[in-house]
Amino acid sequence: MILVKGGTFQMGSPTGMADERPVHTVTVDDFYMDEHLVTQAEWKKIMGVNPAYFSSSPKKGESQIKRPVEHISQYDAFVYCNKRSIAEKLTPCYIIKGESDPKKWGPVPDEQNNAWDNAECRWEANGYRLPTESEWEYAARGGVHDGQKKAAKDADENRSWNKNNSDCMTHAVCLKSPSVLGFYDLFGNVWEWCWDWYDDNTPDGGQDPTGAASGFSRVARGGCWSDYALYCVVGVRVDSIPILSIINFGLRIACSVGR
C-alpha cells in the first residue's frame with residue numbers, strides 16, 4: 001500500500017458536472033491506499049469465489065488473475081474488507097448488527113437492507129476499508145503535490161482503459177503508467193466504490209469528511225472500460241445502490257493511519 005501524506009486541497013470542479021460543485025476546501029489526514037485495484041486472485045483468496053463477469057478470455061499477453069474483480073456490490077466490499085483484515089490479523093473496520101465478524105452478519109442480502117445500509121466504519125481501526133470520496137479525489141489529484149496539472153496528465157486518454165482502447169473488457173492491473181503518487185488504474189478499467197452516500201453536491205468541506213449520514217445510493221469514482229475518456233477523470237462522480245452488482249464496478253482498499 002502507498003502512504004498518502006495528508007494535506008488540504010480544493011475538491012470538486014468548477015467546469016464539470018453539476019454534482020462536482022461547489023469547489024470547496026477539504027483537509028485529509030494521512031492514509032494508506034492500495035496501489036492497484038483488488039484483483040480477481042486477491043478476491044478469490046479471501047472470499048473463495050470469483051464473481052467477475054470478465055472471468056476468462058483476457059487480452060492476449062495479459063494475466064487473467066490480475067484483472068480487477070468486478071460485478072460486486074458495496075455490501076460485498078464490506079465483507080471482503082473485514083474478512084481480509086481478520087485474515088491478516090488486523091482490526092476490522094466495518095460493524096454491522098453490532099458485529100465485526102462477517103460470519104455473524106449472515107448472507108449478503110439480495111435486496112437493499114437497513115442493517116447493511118447502516119453499517120458503521122471504525123475509522124481508527126487499522127484494518128481495510130473503502131476510501132472516502134475525499135480521500136480518493138485527494139490521492140487522484142496527487143496529494144500534497146501540485147494536483148491539478150498532475151491529475152490532468154494522469155487522466156490522459158492513453159493512460160486509462162476506456163471505451164476508446166479497452167476492446168469492451170477489463171484489463172490486468174498495472175499495465176498503464178502509474179500516477180504521480182504511484183497508483184495504477186485510478187482512471188478507467190473499473191469504477192471504484194467509495195464509502196460515501198451520494199449527494200447532489202460533493203461532500204462538505206472541513207477535516208476528513210465522510211459524506212452524508214444516510215442516503216439511497218453510494219458513490220463510485222474513476223471511470224471504467226465502457227466509458228468515454230472524458231468520464232475517466234478526477235472529478236466525475238457516479239452512484240449506485242449498494243446492493244447492486246455491476247460488471248464495471250470494483251474496489252481499491254484503503255486504511256487509516258492513527259486517525
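Look up: the structure comes first, before these words.
Keep in mind that this is a model prediction, so the values were computed, not measured.

> Give a detailed account of unusual backbone geometry, specifying residues and quantitative values.
Most of the time, phi is negative for any residue but glycine, and the peptide bond is trans. The linkage connecting R21 with the following residue, P22, adopts the cis geometry, with an omega of 0°. The topology assignment puts P22 in the loop between β2 (7–11) and β3 (24–28). The phi angle at K97 is positive, at roughly 60°, despite the residue not being glycine. By the element assignment, K97 lies in the loop between β5 (94–95) and α3 (114–117). Judged by its relative accessible area of 51%, K97 falls in the exposed class. Positive phi values are uncommon outside glycine, yet C168 reaches one of about 60°. With respect to the helices, strands and loops of the structure, C168 is situated in the loop between α5 (147–154) and β7 (191–197).

> Can you tell me about the pairing of β7, naming the residues and giving the values?
Most of β7 is tucked away, with seven of its seven residues classed as buried. Direction of pairing for β7 relative to strand β11 (residues 249–250): parallel, over a ladder of two bridges. When the bridges of β11 are listed, W191 appears paired with F249. In this sheet, strand β9 (residues 218–221) lies alongside β7 in antiparallel orientation, the contact comprising three bridges. Among the inter-strand pairings, W193 is bridged to a residue of β9, identified as A220.

Reading the values: rules and limits
- Residues numbered from 1 in each chain as written.
- Predicted model: local features only at pLDDT ≥ 70, side-chain atom pairs only at ≥ 80, totals over all residues.
- Heavy atoms only, no water.
- Helix = DSSP H or I, 4+ residues; strand = E, 2+ residues; numbered from the N terminus.
- Buried < 20%, exposed > 50% of the residue type's maximum accessible area, 1.4 Å probe, protein only.
- Pairing = 2+ DSSP bridges.

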